[in-house]
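Structural overview for review
Residues per chain, in single letters:
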Amino acid sequence: SQKIEQNSEALNIQEGKTATLTCNYTNYSPAYLQWYRQDPGRGPVFLLLIRENEKEKRKERLKVTFDTTLKQSLFHITASQPADSATYLCAPPFSGGYNKLIFGAGTRLAVHP
Amino acid sequence: GAGVSQSPSNKVTEKGKDVELRCDPISGHTALYWYRQSLGQGLEFLIYFQGNSAPDKSGLPSDRFSAERTGGSVSTLTIQRTQQEDSAVYLCASSLGLAQNEQFFGPGTRLTVL
């Protein structure tokens, strides 16, 4: 069955640096992938969607890449700020279930001043 | 405009009792999803609705779990004979349609089964 893996350990970086988070998937090829941000005690908030025919997508300080050969998506935050501290979730659709998402466990990012 | 709302925000119940969790989606959103999130874990898909019908109930953990949606709007997730392992945050999300549409999440209901 399909599997989604994100860095389980927290990522600690200095303010102003670029944060890079990894999402690896196995046993299938999703047509798209979404990224969400989740703050403690709150529901996830949608950030970006990237399709399989798109290599890269940008939104302000955010950039997502989608490498279908490596079966990996990278999520970058440039010029990071303490307010970017949160858990980031990647979410491709289920294999054969185009309409529903399978969420990774998320990577917690902490940006220090 | 108003986002997705869920009630109650917190629910403490005794093992064996039934509970009902409510979700009010964003007006006009035809798709509605229920997820469960245990402490420190990712989101576990439970069920989704397109309109009032639930094409995929494969994520419901057992027959103690059921959900319905009426009028293409409000949805209720019911857990019968609650068990301690049901303790989690139950999240609801809605979207304009299916397939690639971003999902808007509610704040969740924290369920604690004693």
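Residues numbered from 1 in each chain as written. Chains lettered and ligands numbered in written order. Predicted model: local features only at pLDDT ≥ 70, side-chain atom pairs only at ≥ 80, totals over all residues. Heavy atoms only, no water.

What about the packing of aromatic side chains?
According to the stated counting rule, one finds 15 aromatic pairs over all chains in the structure shown. Seen in terms of ring centroids, Tyr-36 of chain A and Phe-103 of chain A are 5.4 Å apart; in terms of plane orientation they differ by 55°. Their pairing is tilted. Of this pair, Tyr-36 of chain A sits in strand β4 (residues 32-38) while Phe-103 of chain A sits in the loop between β11 (97-101) and β12 (107-112), and the two are 67 residues apart along the sequence. Between Tyr-33 of chain B and Tyr-35 of chain B the ring centres are 6.3 Å apart and the planes differ by 20°, which places this aromatic pair in the stacked class. Residue classification places Tyr-33 of chain B among the buried positions, given a relative accessible area of 1%. Residue Tyr-35 of chain B is classed as buried on the basis of its relative accessible area of 0%. The aromatic ring of Phe-94 of chain A is capped on one face by Lys-100 of chain A, whose charged end is 4.6 Å from the ring centroid. (Phe/Tyr/Trp six-rings, centres within 6.5 Å; stacked < 30°, edge-to-face > 60°. Helix = DSSP H or I, 4+ residues; strand = E, 2+ residues; numbered from the N terminus. Buried < 20%, exposed > 50% of the residue type's maximum accessible area, 1.4 Å probe, protein only. Lys NZ or Arg CZ within 6 Å of the ring centre and 35° of its normal.)

Observations concerning the layout of surface pockets
Counted as a void, the largest pocket has a volume near 720 Å³. The wall of the largest pocket is formed by 32 residues, among which Gln-38, Pro-40 and Gly-41 of chain A together with Gln-37 and Gly-40 of chain B lie closest to the centre. Elements with a minimum of two residues in the lining of the largest pocket: β9 (86-91) and β12 of chain A together with β9 (88-95) and β11 (109-113) of chain B. When residues in the lining of the largest pocket are grouped by element, the largest group, 4 residues, is from β11 of chain B. Taken together, the residues of the lining of the largest pocket sort by class into 10 nonpolar, 18 polar and 4 charged. (1 Å grid on protein atoms, 1.4 Å probe; cavity = no way out; pocket = protein on both sides within 12 Å on 5 of 7 lines; lining within 4 Å. Points joined across faces, edges and corners; volume = space filled by probe spheres on them. Nonpolar A, V, L, I, M, F, W, Y, C, P; charged D, E, K, R; others polar.)

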